[in-house]
Structures are given as structure tokens and as C-alpha cells.
Amino acid sequence: MNDVVAVVGAGTMGTGIAQVAALAGHPVLLLDTVPGAADRAVSGIRERVKTLVTRGKIDADPDALDLTAVDSLDALASAGLVIEAIVEDLAVKRRLFADLERAVGPECVLASNTSSLSPTAIAAGLERPGRVLGLHFFNPVPRMRLVELIAGADTAAGLADWTAALVERWGKTVVRAAATPGFIVNRIARPYYAEAWRLYEERAAAPEVIDAVLTGAGGFPMGPFALMDLIGHDVNEAVTRSVWTAFGQDPRFAPSPAQRALVEAGRYGRKSGRGVYGYGPDAPPPEATPAAPRPVPVGEVTFNGAADLHPLLTRSEVDFRVGALSNDTVVLPSGALLVRSTGTPATELVEEHGRTVIVVDRTLDDATATAVAVAPCDGCPEEALDEAIGLLQAAGLVVHVVDDTPGLIVTRTVAMLVNLAVDALQQGVATAADIDTAMRLGAGHPLGPLAWGDRWGAEIVDEILAALQESYGEPRYRRTPLLRRRALTGATLTGGE
Ligand code: NAI
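Residues numbered from 1 in each chain as written. Predicted model: local features only at pLDDT ≥ 70, side-chain atom pairs only at ≥ 80, totals over all residues. Heavy atoms only, no water.

Caption draft 1: Region of the structure containing the packing of helix α9 (residues 224-231) against helix α10 (residues 233-246). At their nearest, the axes of α9 and α10 sit 6 Å apart, and the two run at 105° to each other. As summarised for this structure, α9 and α10 are arranged roughly perpendicular, according to the angle between their axes. Contact residues: M228, D229 and I231 in α9; H233, V235 and N236 in α10. Of the residues in the contact of α9 with α10, the class split is three nonpolar, two polar and one charged. (Axes fitted to C-alpha atoms, helices over the stretch in contact; angles between N-to-C directions. Helix = DSSP H or I, 4+ residues; strand = E, 2+ residues; numbered from the N terminus. Parallel < 35°, antiparallel > 145°, perpendicular 65-115°, else oblique. Contact = heavy atoms within 4.5 Å. Nonpolar A, V, L, I, M, F, W, Y, C, P; charged D, E, K, R; others polar.)

Caption draft 2: Inspection of the nonpolar core at higher detail. Among the nonpolar cores identified, the biggest contains 97 residues, and I184, I358 and I409 are the most heavily contacted of them. With nine residues, the single largest contributor to this core is helix α15 (residues 410-426). Not counting residues up to four positions away in its chain, the partners in contact with I409 are L199, A205, V209, I210, V213, L214, D361 and V402. Formed by 36 residues, the second largest nonpolar core is a distinct cluster that contains M13, A22, A41 and I45. (Core = buried A, V, L, I, M, F, W, Y, C linked by side-chain atoms within 4.5 Å. Buried < 20%, exposed > 50% of the residue type's maximum accessible area, 1.4 Å probe, protein only.)

Caption draft 3: Representation of unusual backbone geometry in the model. Residues N139 and P140 are joined by a peptide bond in cis, for which omega reads 0°. With respect to the helices, strands and loops of the structure, P140 is situated in the loop between β6 (132-137) and β7 (146-151). Positive phi values are uncommon outside glycine, yet R203 reaches one of about 60°. Take R203: it is sitting in the loop between α7 (190-201) and α8 (207-216).

Caption draft 4: Looking closely at the site of the ligand. Taken together, 19 residues are adjacent to the ligand, and M13, D32, E88, K93 and S115 come closest. One of the side-chain nitrogen or oxygen atoms of S115 is found 2.7 Å away from an oxygen atom of the ligand. Note that an oxygen atom of the ligand is positioned 3.5 Å from one of the side-chain N or O atoms of N139. Here the ligand loses 73% of its free accessible area of 830 Å² to cover by the protein chains. Elements that contribute at least two residues to the shell around the ligand include exactly α1 (12-23) and β6. Residues that form the shell around the ligand fall into these classes: seven nonpolar, nine polar and three charged. (Near = heavy atom within 4 Å. Polar contact = N/O pair within 3.5 Å; in protein donor to acceptor, adjacent residues only side chain to side chain. Areas by Shrake-Rupley, 256 points an atom, 1.4 Å probe, with all protein chains shown as cover.)

Now the structure itself:
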């Protein structure tokens, strides 16, 4: 191919893609139907690159960037690669690709930055559908390393490899995804939002608490509500709705009525000044109120196993006069039990154990977690809850008390992320390694969902999901068959040792 890259659509994504291609040394042509839009994009890129150079973020000569705004498809004749980033509308994209085919040479590669359409559908009716593929960049393009590459049914052999090598030279990490709804990231990330909404709709915890627990205990860089306020609820809900519709309204992807209400009220988030949280000079920053300091329990705390809870509690400097170690339950001085969540609500465990039960949420890493959620059973005596909170606070954790909901916050969210990741793996959407890479780089998750599933164990994830399904009686929490198999055989989800 010759070196010229053309970008059609000089909006948010097209401008970012043009910047990255130009910085990689390509002559770049930029085209938009709105008069002046491509010119503005070119000067915007030069300004941004100048700022980046001044701040020492990159080393480049802004004036040497070979960027040209053009105003007709005919001006793209010299392109070796065209990347389309226009409106997300199949009919409009198809028309553009048909026109492009007439404007460019026979060897020119045609890529679409579509976030939801199949490259097979976009290429249908073209004379040379073999040169079409999907190249899904993430916003903001210059900062997000991930690119999902989607080959269509007719994409020529070797074209995906060639394009992946090219985009990797631009400093991106390319993962391969099958042409399925939401590709990798937009499909597997849904529970991060959906479970937060479910907890909110159940009044299990305030949004501030859900955000604080997913960051402090789950290790996610941003809580789901703060993140949706940033993305915009209009955009986020539209993606959820499109994936849900594409999967025949599968309840695992169901949109939230509470989020719908925000969209209908125009409360899109930061960009409209108000979403789940308020923004602007007068709005207080969202902050969760953790449990007040409680007395550290004195007397014998028996780690009745604690293979699981043990690391969380032994971070404490306090000498608890620890008893025997065997599984994942701690006996508090009052006789109440502190139990690691396997999805079953505390109140249901009371019957099983014949004692007061307080459930502790899971974390990304007990050794580094800064917060944790606990859920007391109905009728839990104040003394028992004080003991549990005091013990966890003595271990340096900010403790959030939430309602007795199945799988608390991190436990249920991560179990569903793992479930959908295994589902995508089973359906051949991508390799295990690409799924985990995509979720780390594209969604910012601290650990790929399959690696996370291995960390907790497929058997535990399977147990959590079974408990959620039992509690809610809903197919939303049904387990992916491959997860069940892995749970039964003890094989890993990532395919490693
Ligand atoms: P945008 O609305 O910011 O920009 C689209 C641009 O395309 C506009 O400037 C518009 O004037 C121009 N345009 C429309 N029809 C055209 C045509 N026939 N020929 C030339 N220019 C035309 O949209 P955005 O957000 O940049 O999205 C573009 C594509 O990228 C869509 O397919 C979207 O689904 C996808 N995408 C968007 C992401 C995002 O976060 N915004 C992330 C990943 C993919």
C-alpha cells in the first residue's frame, strides 16, 4: 500500500484517528460533509500536538505533520487506507463505501470505525468486499491504546494481519474480535453498569457507596456512576440498548429504567451539568459516608478457616488472639459469623448456621484493598455489626454497610463480568488473551475478567451466580455453560496453568 491514510468524518473519532496516523508519519487526508469541519479538525490537531509537545508529552514537529483537509471523495484517489468515522447508520455507511469504491484505487483498504455494525453488512453489495474490515478505536483515540479489529465474512485472507501490523506501528494494541454485537469491550463491560443500576434500583446502597466500593475494594479506576456521568447517559444507554436488542433482549443486557429516566430528563451527566451526580461550581463532589469508627472487638476472634478472609483481617496490627484456621468464616466474640460472600444473602445464611451472619464483599486483592462492603442479616444485633466493622477497620479498611443484597457489590459485578467474558470466549468472539487485554485497555479494568475468574476460581464464580439466580429467580444471572464446565473440572478460564 502507499502511505496515504484518508479519514472520512472529522468528528470526535475521525479527528483522533487522523492525529494518530499523522503522528505516525503518514500523509493524512481528512474529509467531512459539513463545510469547514475538516479544516477545523486539521487546525485543532495542530494545536493539540503543539500543546503536547510544549508539555513534553510527545516529541514531534507540529508543522511537519502532513495533514490536508479535502472536500470531495475524488481527492482521496491516492489513499492506500481509508478509515471511515461518520454517523453510526448502516444505510449511510453503505452508501459512502459504494462511493469510496469508485473514488479510490483497487488496492485501497477500506476500514470502518463502527462501534456496532458488522463489516460484512457494510461491505455487502461492493465490488470488492474483501478489502473491508472494522477498526474500532476508543475515545479519546490518542490516549486509548486499544483497537478492536473485526474481519467480515468476506475480508480477504491476510488483510487483518496486515492492518493489525500497521495499527500497531501507530502505538496501538490490536485485539481481534468476531463480527458480533458489541465486539469485545462493549459487550463484556455491560454488567459494570447494569449491576450498579440494579443495586441502585433496589436501594441496596447509594451511588456514592457503590462507586467507593468498586474503586476501593474492586480496584476499578472509576466507579460506574461517575464513569457513566462522564461518558454521558445518552451514549451509555444507547450502547446498552443496542447490545440488548441485538441479543434478542437477553435480560443479561437489559437497560435500566432508572437510567432511561435520566436520559429522558436530559440529565446526561457532566456535559449537561447533571447526571447521577451534580456538577458545576456549587455541586458538592460525590462522597460516600463510611461507617463511623467502631470499637475493635476484644476477646477471642476465631478464624474458623479463614483461607479466604484471613488475608483481609491479618493486615491488622491488632492482636486478635486468633483461633483455629480452616475455611472462610470468622467467629466474632459475640458468636456472630463474618462470612465471605458467595452470593447468598446474610439473612438466608442465618438458617444454615443458626447464628447471626454478616457477609463481607470480595475484593480485587485483599492485601491492597482500601475499602470493603459488609451486609448484616436482618435483625443483626448492633454489637455484632460493631465487632465486624471494628475488626475490618482495624485492618485499615474503610467499611461501607450496605443492605443485605445477594453478592453485595464487587462480588456480583465481577461474577457477571466473568460470566459474560466466558460467554464471549465460548462463542468465539475472541481469544482468552485478547478478551482480557481488551477489558484492561478498552474499559480500564484492573484485571482481565478471565484472569479475575481464575483468581477467585471458576467454582466460586459459578457458586456466586447460582446464588444470584436463586435469589432473583431470573435468567439474567444464568451461568454460561463453559463456566460450569470449568468449575466442574477445575480447568482455568485463561487456559493457563
Ligand atoms: P461525530 O458525530 O463526532 O462525527 C461524525 C462526523 O462525520 C461529523 O463531523 C459529520 O459531519 C461527518 N459525516 C457524517 N456523514 C458523513 C459523510 N457521508 N461523509 C463525510 N462525513 C460525514 O461522531 P463520532 O463520535 O466521531 O463517531 C463516528 C463513528 O465512530 C461512529 O460510527 C461511531 O459509532 C464510532 N465510534 C464512536 C465512539 C465515540 O466514543 N464517540 C467510539 C468508537 C466508535
